[in-house]
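Structural features, examined
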There are 2 protein chains.
Amino acid sequence: MPALAINRDRLWSDLMTLGCLGATPRGGSDRLSLTDADRDARNLFVHWCAEAGLAVTIDAMGNVFGRREGADPSLPPVLAGSHLDTQQPGGKFDGPLGVLAALAAVRAMNAAGIVTQRAVEVVNWTNEEGARFAPGLMGSGVFAGKLDLAATHATADRGGATVGAELARIGYRGAAPCGGRAVDSYFELHIEQGPVLEAAGRVIGAVTGSHYMLYLGLECLGENGHAQSLPQARRRNALYGASRLVAEIEAIGDAHAPAGTASAITMDVWPNNRINIAHRAVFAASVVHPAREGVEAMEAAILAAMARIADETGLALSVVSRMRRDPIVFDAGLAEETLRLAAARGHSAMPALTRPGHDAFNLSAICPTALIFVPCLDGVSHSELERASLEHCAAGAEILLDHMLNRAGRAN
Amino acid sequence: MPALAINRDRLWSDLMTLGCLGATPRGGSDRLSLTDADRDARNLFVHWCAEAGLAVTIDAMGNVFGRREGADPSLPPVLAGSHLDTQQPGGKFDGPLGVLAALAAVRAMNAAGIVTQRAVEVVNWTNEEGARFAPGLMGSGVFAGKLDLAATHATADRGGATVGAELARIGYRGAAPCGGRAVDSYFELHIEQGPVLEAAGRVIGAVTGSHYMLYLGLECLGENGHAQSLPQARRRNALYGASRLVAEIEAIGDAHAPAGTASAITMDVWPNNRINIAHRAVFAASVVHPAREGVEAMEAAILAAMARIADETGLALSVVSRMRRDPIVFDAGLAEETLRLAAARGHSAMPALTRPGHDAFNLSAICPTALIFVPCLDGVSHSELERASLEHCAAGAEILLDHMLNRAGRAN
């Protein structure tokens, strides 16, 4: 039987349509989780699910499932999807591609009149990005039993609004329990958010696992003082000490590129007014490398720079939090299957590692999981400049479809 | 007739008592303008005014006046005071000294049974610090006709609370008009907030004018991107560019010390979350020097560093606002009188320049004004470590008293 076709133009149209919700001036989207724009995207997704004949369920975390029933409803379903929320600003592809490609796959099954043995469900996970409510991978985390539902509902953004209240406000605090049910397998298509596929000229990445990641919360303590009158020699400017280290961290990242990356990414200072020397600066660094030794070398370099700056300035610099993520390992059989499916479709492919986290990380704890990459321009994501091509998106959707069909099994 | 005595122990007790309102762990105070702690300080000041027999008036800006009537109520009064609000955290002396010393002077007149020709008023100006609501010198600014009352009432803090609403909330949106009445003269005692008196071993500073001051609002624009996956060579981290310039600004201040000072003092970055490269950083620098050429040289050095960093990093750095304050010149006759009064009391004295702004700047636009300094430890202010001695505070209060009596005139 010939391979099923994806409606490429419809997939692209859906991506561009969704990108209009929370659109930003330079072609990106701004749909922070549980905002009005996120609600609009969810409503559109629900509409498209209904249009495709899917039965929609919303769980207590606002995860949205569109179910295409199988011949044997008692079998655990095959799940495929990703997330519709974005960074601020974000792009049109990071997240939506995985959801809308799964929807395109279901439409292809509909068009071919296929009945699968297992049900297939297209899923939109709540708050993958973590940009408004930390941590990210939130909806899938509760679903997989890694996060507590009540504690997650109580999580607040910087303005004090909670996940639970915001879910209710936008109408997505659903009645269905979150998780606690058997899942056969999970498939997620995503842009690579890195330069490897593009540089290698490959269309499909079969993700085998992830990089080593380190998140360092840092603090510099100085002493408050009048910014116009405190003698320069008496100044203990916490913003100065923090800034010295920020500059060093970027240089350390440069020294370990291209395999490694390191940047300081956040900064809050106190009292942060125009008349005072800052007495406190809290900032953070993100460090990523494919090898454990790489992360360790960068961390050691940051700590050495911190000690040197403290010594030179008399400021107190310290690590106040440290979060390390060891690599995840995806189902090896499914990753190999991705390579075989790509070859059968005539798409160039290669094994790949992911640097960012994905909902697939959480799902891999409860079922066989495959993460599939397609290239994005210059490795750029979380940006209005995030771009992917119609051809690559469609190729990825084809592999997703083939995986879903293989796993769900034909009943007709 | 012998010089009147100040009750030094009562003055010191008042300073320490007031310091307990909003007290911080290391001996400072946290009384941001129009907070509950500021209200408590105002209430205590009103109580002490009533205790001293003063008639209290509160104007539309919440400025509080305690009036000791003169023999001729039709004559414009002599004003003396400062402010009770602090930075966050601030010390016990910056502000309260000028208010409580004026109160001590009035008590000394009471004890000696003196009747003055003109009325004398002790004043607490609203929001001198500008730490919560910008700009500072706010109450005196409206009083002197430099700021518009309605616009000032509409000024909001970062949380959206307005000056007008907060005045009403704490019960200090008074019925009296703000300003628009004749004032004979204004006297303000303040700690120096600099190291000059201490280094010279002098007790009294007769302030003749102020330094040159420059406030530069700065911005660095980069590009948002995923902090874990964007290739290092593609990163355009706005926080990195801003931090490089912050480090340079501190070095420029060091190079122009001790006469000059320069520091970066605020920093806000977007999107400021743990997963993204910052695409925007807004920060500011404060530059002070006694000579115009000094400020100009430091500004030129900052602009040169900005251009070099932009060139080296590819980031867009720019000056987005620029506020320059040329020196104010106080009444020369009153400053000379300060030196004479100090000599008569046996206190060492010298002419001085102020680096920070004071309410006396605004009052000098509408009446002869004298600003009087006493030393503070190590030039430190706006800090829990701010310290001044009982002896110096009392000496300053004596000069304030003598000025007030001279100007108000004896009627008995």
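Owing to the predicted nature of the structure, the values given are computational and were not obtained by experimental measurement.

**Some points on the overall build of chain A**
A count of helical and extended segments in chain A gives 12 helices and 14 strands. Taken over the C-alpha trace, chain A has a radius of gyration of 23 Å; the compact-globule value for 412 residues is 22 Å, and the two agree within 12%. If one aligns the C-alpha atoms of chain A with their principal axes, the spans along those axes are about 85 × 45 × 40 Å. Considering chain A as a whole, with its 412 residues, one finds that 59% of them fall into the buried category.

**Observations regarding the interface of chain A and chain B**
Of the residues lining the interface, 65 residues belong to chain A; the matching set on chain B comes to 65 residues. Elements supplying a minimum of two residues to the side of chain A that touches chain B: β7 (212-221), β8 (225-226), α8 (238-256), β9 (261-270), β10 (276-277) and β11 (280-289) of chain A. It is α8 of chain A that contributes the most residues to the side of chain A that touches chain B, 9 residues altogether. Here the residues of the side of chain A that touches chain B are counted per class, giving 29 nonpolar, 26 polar and 10 charged.

**Details of the sheet that holds strand β14 (residues 369-374) of chain B**
Residues and elements named next belong to chain B. An order of β1-β2-β4-β3-β5-β14-β6-β13 is seen for the 8 strands of this open sheet, with the pairing classed as mixed. With one partner strand each, in any of the chains shown, β1 (55-58) and β13 (349-354) form the two edges of the open sheet. Strand-to-strand, the axes of this sheet are offset by a mean angle of 30°, without reference to chain direction. Inspection of the sheet shows β1 paired to strand β2 (residues 64-68) by 4 bridges, in the antiparallel sense. The residue of β2 that forms the bridge with T57 is F65. Here helix α3 (residues 96-111) sits on the sheet and contacts β2, β3 (78-82), β4 (120-124) and β5 (185-191); the angle it forms with β3, its principal contact strand, is near 135°. Packing of helix α12 (residues 390-408) onto the sheet brings it into contact with β3, β4, β5, β6 (204-210) and β14, and relative to β14 it is tilted by some 165°.

**Considerations on the relation of the copies chain A and chain B**
For the pair chain A and chain B, the superposition axis carries a translation of 0.0 Å, the fit reaches an RMSD of 0.0 Å, and the rotation angle comes to 180°. The two molecules are tied by a two-fold rotation axis, judged by turn and shift. Judged by C-alpha distance, S243 of chain A is the residue of chain A that lies nearest the rotation axis, at 2.2 Å. Residue by residue, 100% of the interface of chain A is reproduced at the interface of chain B, so both copies engage with the same surface.

**Here we look at the pairing of strand β3 (residues 78-82) of chain A**
Residue and element names in this part refer to chain A. Most of β3 sits out of view: 5 of its 5 residues are buried. Residues V78, A80 and S82 of β3 are buried on one face, and the alternating residues L79 and G81, pointing to the opposite face, are buried as well. The pairing of β3 with strand β4 (residues 120-124) spans 5 bridges and is classified as parallel. Residue pairing across strands places A80 opposite V122, the latter belonging to β4. In this region the chain leaves β3, passes through helix α3 (residues 96-112) and returns to the parallel neighbour β4; the handedness of that crossover is right-handed. Strand direction decides the pairing type here: β3 and strand β5 (residues 185-191), joined by 3 bridges, are parallel. Bridged to L79 within β5 is Y186.

**Considerations on helix α1 (residues 8-19) of chain B**
Think of an α-helix as turning once every 3.6 residues; residues three or four places apart then point the same way. All names here are of chain B. For α1, which comprises 12 residues, the first-to-last C-alpha distance of 17 Å matches the rise-based estimate of 16 Å (1.5 Å per residue) to within 8%. All of the buried residues along α1 are L11, D14, L15, L18 and G19. Looking down the long axis of α1, one finds its buried residues gathered within 135° of arc, a one-sided arrangement. What points out from α1, more than 90 degrees from its buried face, is the exposed set D9 and S13.

**Examining the confidence of the model for chain A**
Across chain A, the average pLDDT comes to 96, with 100% of residues at 70 or higher. Interface confidence for the predicted complex, expressed as ipTM, amounts to 0.90; the pTM equals 0.90.

**Observations concerning the pairing of β14 of chain B**
Residue and element names in this part refer to chain B. Summarising burial for β14: 6 of the 6 residues are buried, a large majority. The pairing of β5 with β14 spans 6 bridges and is parallel. For Y186, the partnering residue across the bridge sits in β14 and is T369. Here β6 pairs with β14 via 3 bridges, running antiparallel. Bridge pairing in β14 links A206 to I372.

**Quick look at the packing of α1 of chain B against α12 of chain B**
All names here are of chain B. Following both chains from N to C, one finds α1 and α12 inclined at 110°, their axes separated by 10 Å at the closest point. One finds that α1 runs roughly perpendicular with respect to α12. In this structure, α1 crosses over α12, and the sense of that crossing is right-handed. Touching R8, L11, W12 and L15 of α1 are L390, C393, A394 and A397, all from α12. Here the residues of the contact of α1 with α12 are counted per class, giving 7 nonpolar, no polar and 1 charged.

**Let's talk about the packing of helix α8 (residues 238-255) of chain B against helix α9 (residues 292-313) of chain B**
Two quantities define a packed helix pair, namely the angle between the helix axes and the distance between the axes. Residues and elements named next belong to chain B. Two elements in contact, α8 and α9, have axes separated by 10 Å at closest approach and are oriented at 150°. The angle between the axes of α8 and α9 places the two elements in the roughly antiparallel class. The crossing of α8 and α9 is right-handed. Side by side, α8 and α9 meet where Y240, G241, R244, L245, E248, I249 and I252 of the first sit next to M298, A301, I302, A305, M306, I309 and T313 of the second. Here the contact of α8 with α9 is built from residues that sort into 10 nonpolar, 2 polar and 2 charged.

**Thoughts on the environment of A227 of chain A**
Tracing the backbone through its elements, the reader meets A227 of chain A in the loop between β8 and α8. Here the alpha-carbon distance between A227 of chain A and N276 of chain A, two residues 49 residues apart in the chain, equals 4.6 Å. With residues up to four places along the chain from it excluded, the contact list for A227 of chain A reads I275, N276 and I277 of chain A together with S263, I265 and S286 of chain B.

**Regarding the nonpolar core**
Formed by 252 residues in total, the largest nonpolar core has its most connected members in A105 and L400 of chain A together with A105 and L400 of chain B. Ignoring anything within four residues of it in the chain, the contact list for L400 of chain A reads A80, A101, A102, A105, F187, L189 and I372 of chain A.

**Quick notes on α12 of chain B**
Residues and elements named next belong to chain B. If you check α12, its first and last C-alpha atoms are 27 Å apart, about what 19 residues at 1.5 Å a residue would give, namely 27 Å. With 16 of 19 residues buried, α12 is to be regarded as a mostly interior element. Downstream of α12 by a residue or two, G409 has a phi angle that is positive, lying close to 80°.

**Quick look at the sheet that holds strand β13 (residues 349-354) of chain A**
All names here are of chain A. Ordered in space as β1-β2-β4-β3-β5-β14-β6-β13, the 8 strands form an open sheet in which the pairing is mixed. Edge positions in the sheet fall to β1 (55-58) and β13, since each has one partner strand and no second. With direction set aside, neighbouring strand axes in the sheet form an average angle of 30°. As defined by bridge partners, strand β2 (residues 64-68) adjoins β4 across 5 bridges and the pair is classed as antiparallel. Each residue of the ladder has a partner; that of G66, found in β4, is V122. The sheet strands contacting helix α2 (residues 36-51) are β1, β2 and β4, and the helix crosses β2 at an angle near 5°. Sheet contacts for helix α10 (residues 332-345): β6 (204-210), β13 and β14 (369-374); angle to β6, the most-contacted strand, approximately 170°.

Criteria and cut-off values
Residues numbered from 1 in each chain as written. Chains lettered and ligands numbered in written order. Predicted model: local features only at pLDDT ≥ 70, side-chain atom pairs only at ≥ 80, totals over all residues. Helix = DSSP H or I, 4+ residues; strand = E, 2+ residues; numbered from the N terminus. Rg over C-alpha atoms; globule rule 2.2 N^0.38 Å. Buried ≥ 20, exposed ≤ 12 C-beta atoms within 10 Å, placed from the backbone. Contact = placed C-beta atoms within 7 Å. Nonpolar A, V, L, I, M, F, W, Y, C, P; charged D, E, K, R; others polar. Pairing = 2+ DSSP bridges. Axes fitted to C-alpha atoms, helices over the stretch in contact; angles between N-to-C directions. Least-squares fit on C-alpha atoms with pLDDT ≥ 70 in both. Right-handed = clockwise from strand over helix to strand, strands pointing away. Expected span 1.5 Å × (residues − 1). Arc of directions from axis to C-beta. pLDDT = per-residue confidence, 0-100. Parallel < 35°, antiparallel > 145°, perpendicular 65-115°, else oblique. Left-handed = near helix turned anticlockwise from the far one by under 90°. Core = buried A, V, L, I, M, F, W, Y, C linked by C-beta atoms within 7 Å.

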